[in-house]
Amino acid sequence: MGNFLDLLGNTADLIGIISGAAAVLAWVNAKKHANKANETLEIIQNYRRVEIFTEVNKKLEQIKRTIRDIATDNRTNNVQKRYKELESTIEEIIQAIPSKNNQLIDKMREVEKEIRVNGDNNQKLVGDAQYAVLDLIDFVTTSLKGLMEELRQEN
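Bear in mind that the values here come from a model prediction, so they are computed numbers and not experimental data.

### Here's the deal with helix α1 (residues 2-72)
1) Next: Between the first and last C-alpha of α1 there are 104 Å, a value that for 71 residues agrees with the 105 Å anticipated at 1.5 Å per step.
2) Next: Along α1, the positions that sit buried rather than exposed are N46, V50, F53, V56, N57, L60, I63, K64, T66, I67, I70 and A71.
3) Next: Residues of α1 that are buried in the fold lie against α2 (79-96), α3 (102-120) and α4 (127-154).

### Section: the layout of surface pockets
1) Next: Volume-wise, the largest pocket comes out at about 160 Å³.
2) Next: Taken together, N46, R49, F53, P98, K100, N101, L147, E150, L151 and E154 make up the full set of residues lining the largest pocket.
3) Next: Of all the secondary structure elements, the ones that give two or more residues to the lining of the largest pocket are α1 and α4.
4) Next: Residues that form the lining of the largest pocket fall into these classes: 4 nonpolar, 2 polar and 4 charged.

### Comments concerning the nonpolar core
1) Next: L60, I67, M108 and I115 are the most contacted members of the largest nonpolar core, which has 28 residues in total.
2) Next: Those elements giving two or more residues to this core turn out to be α1, α2, α3 and α4.
3) Next: Per-element accounting of this core gives the leading share, 8 residues, to α4.
4) Next: In this structure I115 touches I67, Y83, L86, E87, I90 and L125, once residues within four positions along its chain are discounted.

### Structural notes on a negative patch on the surface
1) Next: Residues E39, E42, E149, E150 and E154 make up a contiguous surface patch of negative charge.
2) Next: Where the negative patch is concerned, the elements lending two or more residues are α1 and α4.
3) Next: Among the elements that make up the negative patch, the one with the highest residue count is α4 (3 residues).
4) Next: With a relative accessible area of 47%, E150 lands in the partly exposed category.

Cut-off values and rules
- Residues numbered from 1 in each chain as written.
- Predicted model: local features only at pLDDT ≥ 70, side-chain atom pairs only at ≥ 80, totals over all residues.
- Heavy atoms only, no water.
- Helix = DSSP H or I, 4+ residues; strand = E, 2+ residues; numbered from the N terminus.
- Expected span 1.5 Å × (residues − 1).
- Buried < 20%, exposed > 50% of the residue type's maximum accessible area, 1.4 Å probe, protein only.
- Contact = heavy atoms within 4.5 Å.
- 1 Å grid on protein atoms, 1.4 Å probe; cavity = no way out; pocket = protein on both sides within 12 Å on 5 of 7 lines; lining within 4 Å.
- Points joined across faces, edges and corners; volume = space filled by probe spheres on them.
- Nonpolar A, V, L, I, M, F, W, Y, C, P; charged D, E, K, R; others polar.
- Core = buried A, V, L, I, M, F, W, Y, C linked by side-chain atoms within 4.5 Å.
- Patch = residues over 30% accessible without salt bridge, like charges linked within 9 Å, V, L, I, M, F, W, Y side chains within 5 Å.
- Areas by Shrake-Rupley, 256 points an atom, 1.4 Å probe, with all protein chains shown as cover.
- Salt bridge = Lys/Arg side-chain N within 4 Å of Asp/Glu carboxyl O.
- Lys, Arg positive; Asp, Glu negative; His and termini not counted.
- Charge placed at Lys NZ, Arg CZ, Asp CG, Glu CD.

Below, the structure written as structure tokens:
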């Protein structure tokens, strides 16, 4: 009887060792798959950021066109309304820019301020003021293109 219990104990020990090894192997495999999933998620997030930045750049180009159109339009009765529309688009852009890019956000705030001031006064952005705003927009566009390129290279 004692021999049988010893054999049963040794068998239980062996089963325990095998179970432990299987658990460690399963943990290692799970960790490997989790790392791959994390890398895939990061790539997807980078692509999403590139898409967002592409949309922002399209909106920036639209703003530049609108500013030029308003400056050359002979009608003065809807300047304030058109600038208000631009302000809301600029706010969308500011929200889309990651908060760690303070310089870009500050540049867009300057654009927003110039448009608001001119819109409140029902004045068109012309001459040097227009060029200054367009330069700020170009700076943001160029910076976003650089960020997009960095994200593409990470993938």
